[in-house]
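Observations on the three-dimensional arrangement
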Amino acid sequence: MAGISPKIGSISGIDIQLHWSFVLLLVFLLILSSYLFLIWVLLFVCVLLHELAHSITSKRNGIKVKKIVLYPFGGGSIIDFEKVSPRLEFRISIVGPIVSLLLGAIFGIAAAYAPAGMIRYTLQLLFILNILLGIFNLLPWLPLDGGRALRSYLQEKRDFYSATKSSVRVSNAITGIFIIGTLIYAFLLKGSFFYKEFIVLWDVVIALFIYNGAQEEMINAYIKTHVTKLHAFNAMSKNYIMVDYRTTLDKLYELMIKHHTHIALYELDG
């Protein structure tokens, strides 16, 4: 699918790419409603500015940024975090939500002076969405910005693995609270059953997306901590047999059964 995820441009040497699922969503919204399509495009311009804040801060501190990818649930800056210090990661993480809150303030002020009608309504909507985006990303919810900021803060007194482990626990607790809160909200909400189902389904998808992201962070932290001093031969299987390349397949099968292995090595002459 990577081949149908188009690059739409480059800003400050940073490639901007639309994930293929985001392209499909845009097509769906355009068919459904031109106004919804417009709101989504404007929102993701704001998301792009949020991600550019991460990326430009990284580049100014000598950190390589590969690209920015826009997904249906938000955006992602592909940054080389291997050489980033905890303090710098904190700064990189926190600058995105700050930009979203500033954008929200700008839209809020513009809405206050805009004439009544569709323009004011659109500005008010963008004000709410950007404020929510900023607050949402400030939550200590790994792998979102707030979760990364929390881990960076914890690294001042702990190692990377312990800080990640603690951050994942906090993140999982927030995920649980988020799902329970969604169910309570849907139960108390007055409206059609279909609308309640949509709210619950949407929030559960978001929660699962973040939960899986947190588990991936835990796995990456484990690998980074416990595999750094290992050599390739430590990961290689020693359960193999050496055979002559002229060995027949029935004899090879017999040997593999006898030695309880599925790996056979041979060397060609000359």
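Residues numbered from 1 in each chain as written. Predicted model: local features only at pLDDT ≥ 70, side-chain atom pairs only at ≥ 80, totals over all residues. Heavy atoms only, no water.

1. Here's the deal with the overall build of the protein
This is how it is decided: Counting from the N terminus, the helices are DSSP H or I runs at least four residues long and the strands are E runs at least two residues long. Both definitions apply: the radius of gyration is a C-alpha atom measure, and the globule rule equals 2.2 Å times residues to the power 0.38. Type-normalised accessible area, obtained with a 1.4 Å probe on protein chains alone, sets the label of each residue: buried when under 20%, exposed when over 50%, and partly exposed for intermediate values. Throughout, a contact is declared for two residues whenever any of their heavy atoms are within 4.5 Å. A 1.4 Å probe and the Shrake-Rupley method give the accessible areas. Residues count as covered only by the protein chains that appear here. When charges are counted, neither His nor the chain ends are considered; positive counts come from Lys and Arg and negative counts from Asp and Glu. Throughout, a charge is located at the NZ atom of Lys, the CZ atom of Arg, the CG atom of Asp or the CD atom of Glu.
Scanning the protein from N- to C-terminus turns up nine helices and six strands. Over its C-alpha atoms the protein spans a radius of gyration of 25 Å, topping by over 25% the 18 Å that the globule rule assigns to 270 residues. Its C-alpha atoms give the protein principal-axis dimensions of roughly 85 × 45 × 40 Å. Looking at the protein as a whole, 34% of its 270 residues qualify as buried. Long-range contacts, defined as pairs at least 24 residues apart, comprise 55% of the intrachain contacts of the protein with a sequence gap of at least 6. Carbon and sulfur atoms form 68% of the exposed surface of the protein, whose accessible area is close to 17200 Å². Separation between the mean location of the 24 positive side-chain charges and that of the 17 negative ones in the protein comes to 9 Å.

2. Side note on a nonpolar patch on the surface
Basically, it comes down to this: To count toward a patch, a residue needs a relative accessible area over 30% and no salt bridge; like charges are then connected within 9 Å, while nonpolar side chains (Val, Leu, Ile, Met, Phe, Trp, Tyr) are connected within 5 Å. A pairing counts as a salt bridge when a side-chain nitrogen of Lys or Arg comes within 4 Å of a carboxyl oxygen of Asp or Glu.
The grouping of Phe-73, Phe-198, Leu-201, Trp-202, Val-205 and Phe-209 at the surface amounts to a nonpolar patch, some 590 Å² of accessible area in total. Position of Val-205 among the secondary structure elements: in helix α7 (residues 193–226).

3. Observations regarding helix α3 (residues 86–113)
We apply this condition: Under the convention used throughout, the expected extent of a helix is 1.5 Å for every residue step, that is, one less than its residue count.
The end-to-end C-alpha distance of α3, which contains 28 residues, comes to 42 Å, matching closely the 40 Å that a straight helix rising 1.5 Å per residue would cover. Among the residues of α3, those classed as buried are Leu-88, Glu-89, Ile-92, Ser-93, Gly-96, Pro-97, Ser-100, Leu-103, Gly-104, Phe-107 and Ala-111. For α3, the secondary structure elements touched by its buried residues are α2 (34–60), β4 (74–79), α4 (118–138) and α5 (145–154).

4. Section: the environment of Phe-187
Assignment of secondary structure puts Phe-187 in helix α6 (residues 160–188). Take Phe-187: its relative accessible area is 70%, and that puts it in the exposed class. Distance in space between the C-alpha atoms of Phe-187 and Val-200 is 10.0 Å, their sequence separation being 13 residues.

5. Regarding the sheet that holds β4
Quick reminder of the rule: Should DSSP find at least two bridges between two strands, the strands are regarded as paired. For helices, the fitted line uses only the C-alpha atoms of the stretch in contact; every axis is such a line through C-alpha atoms, and the angle between N-to-C directions lies from 0 to 180 degrees.
An order of β1-β2-β3-β4 is seen for the four strands of this open sheet, with the pairing classed as mixed. Because the sheet does not close on itself, it has two edges, and the strands there are β1 (7–11) and β4. With direction set aside, neighbouring strand axes in the sheet form an average angle of 20 degrees. The pairing of β1 with strand β2 (residues 14–18) spans four bridges and is classified as antiparallel. By the bridge assignment, Ser-10 is partnered in β2 with Asp-15.

6. Concerning the nonpolar core
Cut-off, in case you're wondering: Throughout, nonpolar core names a set of buried Ala, Val, Leu, Ile, Met, Phe, Trp, Tyr and Cys residues whose side chains join them through atoms within 4.5 Å.
The biggest cluster of nonpolar side chains holds 19 residues, and the ones touching the most others in it are Phe-44, Ile-68 and Leu-70. Listing elements by their share of this core, those giving two or more residues are β2, α1 (20–32), α2, β3 (65–71) and α3. When neighbours within four sequence positions are excluded, Ile-68 is seen to be in contact with Ile-14, Asp-15, Ile-16, Gln-17, Leu-48, Glu-51, Leu-52, Ser-55, Gly-76 and Ser-77.

7. Examining the side chain of Ser-77
The condition that has to hold: Identification of polar contacts relies on pairs of N or O atoms within 3.5 Å, with a donor-acceptor requirement for protein atoms, meaning one able to donate a hydrogen and the other able to accept it, and with residues adjacent in sequence counted only if both atoms are side-chain atoms.
Along the chain, Ser-77 falls in strand β4. A distance of 2.7 Å separates polar atoms of two side chains, one belonging to Ser-77 and the other to Glu-51. At 3.2 Å, the side chain of Ser-77 forms a polar contact with the side chain of Ser-55. Not counting chain neighbours up to four residues away, the residues in contact with Ser-77 comprise Glu-51, His-54, Ser-55, Lys-67 and Ile-68.

8. Observations concerning the environment of Gly-176
Among the secondary structure elements, Gly-176 is positioned in helix α6. For the pair Gly-176 and Tyr-211, spaced 35 residues apart in sequence, the C-alpha to C-alpha distance is 9.6 Å.

9. Examining the pattern of salt bridges
A side chain of one charge can pair with a side chain of the opposite charge if their charged atoms are brought near each other. By the definition in use, this model includes eight salt bridges. Across the salt bridge formed by Arg-87 and Glu-156, the nearest N and O atoms sit 3.6 Å from each other. Highlighted residues: Arg-87 in helix α3 and Glu-156 in the loop between α5 and α6, separated in sequence by 69 residues. Connected through shared salt-bridge partners, Glu-89, Arg-148, Arg-151 and Glu-217 make up one network.

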